[in-house]
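Each chain, written out:
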Amino acid sequence: SQTIHQWPATLVQPVGSPLSLECTVEGTSNPNLYWYRQAAGRGLQLLFYSVGIGQISSEVPQNLSASRPQDRQFILSSKKLLLSDSGFYLCAWSVGPYQETQYFGPGTRLLVL
Amino acid sequence: GNSVTQMEGPVTLSEEAFLTINCTYTATGYPSLFWYVQYPGEGLQLLLKATKADDKGSNKGFEATYRKETTSFHLEKGSVQVSDSAVYFCALSDLNRGSTLGRLYFGRGTQLTVWP
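To keep things clear, this report deals only with the structure shown in the data block. (Residues numbered from 1 in each chain as written. Chains lettered and ligands numbered in written order. Predicted model: local features only at pLDDT ≥ 70, side-chain atom pairs only at ≥ 80, totals over all residues. Heavy atoms only, no water.)

## Here we look at the interface of chain B and chain A
No. 1: Listed per partner, the contact involves 23 residues of chain B and 24 residues of chain A.
No. 2: Between chain B and chain A lies a buried interface of about 1,900 Å² when both sides are counted; carbon and sulfur atoms form 56% of it.
No. 3: Where chain B meets chain A, there are 1 salt bridge.
No. 4: Between R103 of chain B and E59 of chain A there is a salt bridge, with its nearest N and O atoms 3.3 Å apart.
No. 5: At the boundary of chain B with chain A, the tally comes to 6 residue pairs in polar contact (both at pLDDT 80 or more).
No. 6: Listing elements by their share of the side of chain B that touches chain A, those giving two or more residues are β5 (32-38), β6 (44-50), β10 (86-93) and β11 (104-106) of chain B.
No. 7: Considering every element that reaches the side of chain B that touches chain A, the biggest residue donor is β5 of chain B, with 4 residues. (Contact = heavy atoms within 4.5 Å. Buried area = accessible area lost by both parts, 1.4 Å probe. Salt bridge = Lys/Arg side-chain N within 4 Å of Asp/Glu carboxyl O. Polar contact = N/O pair within 3.5 Å; in protein donor to acceptor, adjacent residues only side chain to side chain. Helix = DSSP H or I, 4+ residues; strand = E, 2+ residues; numbered from the N terminus.)

Take a look at the structure:
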């Protein structure tokens, strides 16, 4: 069966510091991968998605970036964190074209101070 | 554009009460509709889905019917339990827009608290 991992689970970072969040999927090949952010009291916002290695699409311009160095690995990064980057970051996957159901990881809670 | 509107929470119920969480949507074409649930401190879990008009999704006693005429997908459960306390998200997929990759558009979520 497929599983999705995210780490770290919780992170406290100072403003201006770099960020790297990792997401890996097991048990499937060539998944579509997604990064969402859930800010306090708000819904989920799609940040990036990827249909394959090295292929990244950005939904919202910001100081975050994403990379997909391996088929089942998706990384969310920032060179300098802002206070507004605080939130709950969720990775999700789906399989193949025309497969619209997405499955979510456990999330990373980021607090920028 | 695509958007989802959910009833504002929080919703507080006693155990065994009837639950309704309203969800309406705006979309071009014929989206698929989803309910996800988020338990405290966890990620989202797919609760149920419906892919075309008049379909009923169901799981764990929860049900929702895809109503094209009212553009709604209300979540219902006849008898809630304390363990149902969570945040519930309504979402739509724009896969039918002609692309091969569906984006999910989420409502803001509704917090449900069930007291014993």
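## Some points on the pairing of strand β1 (residues 3-7) of chain A
All names here are of chain A.
No. 1: Burial of β1 is one-sided: the residues I4 and Q6 facing one way are buried, the residues T3, H5 and W7 facing the other way are not.
No. 2: Sheet topology note: the β1/strand β3 (residues 19-26) ladder contains 5 bridges and is antiparallel. Across the sheet, residue H5 finds its bridge partner in β3, namely T24. (Buried < 20%, exposed > 50% of the residue type's maximum accessible area, 1.4 Å probe, protein only. Pairing = 2+ DSSP bridges.)

## Digging into the side chain of S93 of chain B
No. 1: Within the secondary structure, S93 of chain B sits in strand β10.
No. 2: With near-sequence residues (within four places) excluded, S93 of chain B lies in contact with E100 of chain A together with P31, S32, F34, G102, R103 and L104 of chain B.

## Brief notes about the state of the cysteines
Residue and element names in this part refer to chain B.
No. 1: Under the criterion given, the structure shown has 2 disulfides over all chains.
No. 2: In this model, C23 is linked to C90 through a disulfide, with the two sulfur atoms separated by 1.9 Å. Measuring the twist about the S-S bond at about -70°, one finds the C23-C90 disulfide to be left-handed. Of this pair, C23 sits in strand β4 (residues 23-26) while C90 is found in strand β10, placing the two residues 67 residues apart along the sequence. The same class applies to C23 and to C90, which are both buried. (Disulfide = S-S within 2.5 Å.)

## Structural notes on the environment of Y36 of chain A
No. 1: Tracing the sequence through the fold places Y36 of chain A in strand β4 (residues 31-38).
No. 2: By relative accessible area, Y36 of chain A is classed as buried at 0%.
No. 3: Spatially, the C-alpha atom of Y36 of chain A lies 10.0 Å from that of G87 of chain A, the residues being 51 residues apart in sequence.
No. 4: Discounting residues that sit within four places of it in the chain, Y36 of chain A has contacts with L44, Q45, L46, L47, F88, Y89, L90, A92, Q102 and F104 of chain A together with L104 and F106 of chain B.

## Focus on the nonpolar core
No. 1: Of all hydrophobic cores here, the largest spans 26 residues; its most connected members are L19, W35, L47, L48, F73, L75 and Y88 of chain B.
No. 2: Of all the secondary structure elements, the ones that give two or more residues to this core are β2 (11-14), β3 (19-21), β4, β5, β6, β8 (62-65), β10 and β12 (110-115) of chain B.
No. 3: Counting residues per element, this core draws most heavily on β10 of chain B, which supplies 4 residues.
No. 4: Look past the residues within four positions of Y88 of chain B in its chain and what remains in contact with it is Q6, I21, W35, Y36, V37, L47, F62, L75, G109, T110 and L112 of chain B.
No. 5: In terms of nonpolar packing, the next biggest core, distinct from the first, is built from 20 residues, W35, L64, L81 and Y89 of chain A among them. (Core = buried A, V, L, I, M, F, W, Y, C linked by side-chain atoms within 4.5 Å.)

## Topic: the sheet that holds strand β8 (residues 73-78) of chain A
Residues and elements named next belong to chain A.
No. 1: Here 4 strands make up an open sheet; going across it, the order is β1-β3-β8-β7 and the pairing antiparallel. Only two strands of the sheet have a single neighbouring strand rather than two, namely β1 and β7 (64-70). If you compare each strand with its neighbour and ignore which way they point, the axes differ by 20° on average.
No. 2: Inspection of the sheet shows β7 paired to β8 by 5 bridges, in the antiparallel sense. Each bridged residue has a counterpart across the sheet, and for Q70 the counterpart in β8 is Q73. (Axes fitted to C-alpha atoms, helices over the stretch in contact; angles between N-to-C directions.)

## Let's talk about unusual backbone geometry
No. 1: Residue W7 of chain A is joined to P8 of chain A through a cis peptide bond whose omega torsion reads 0°.
No. 2: Summarising the element assignment, P8 of chain A is placed in the loop between β1 and β2 (10-13).
No. 3: In the Ramachandran plot, E16 of chain B falls in the positive-phi region, its phi being about 75° despite a non-glycine side chain.
No. 4: With respect to the helices and strands, E16 of chain B occurs in the loop between β2 and β3.
No. 5: Since its relative accessible area comes to 61%, E16 of chain B is described here as exposed.

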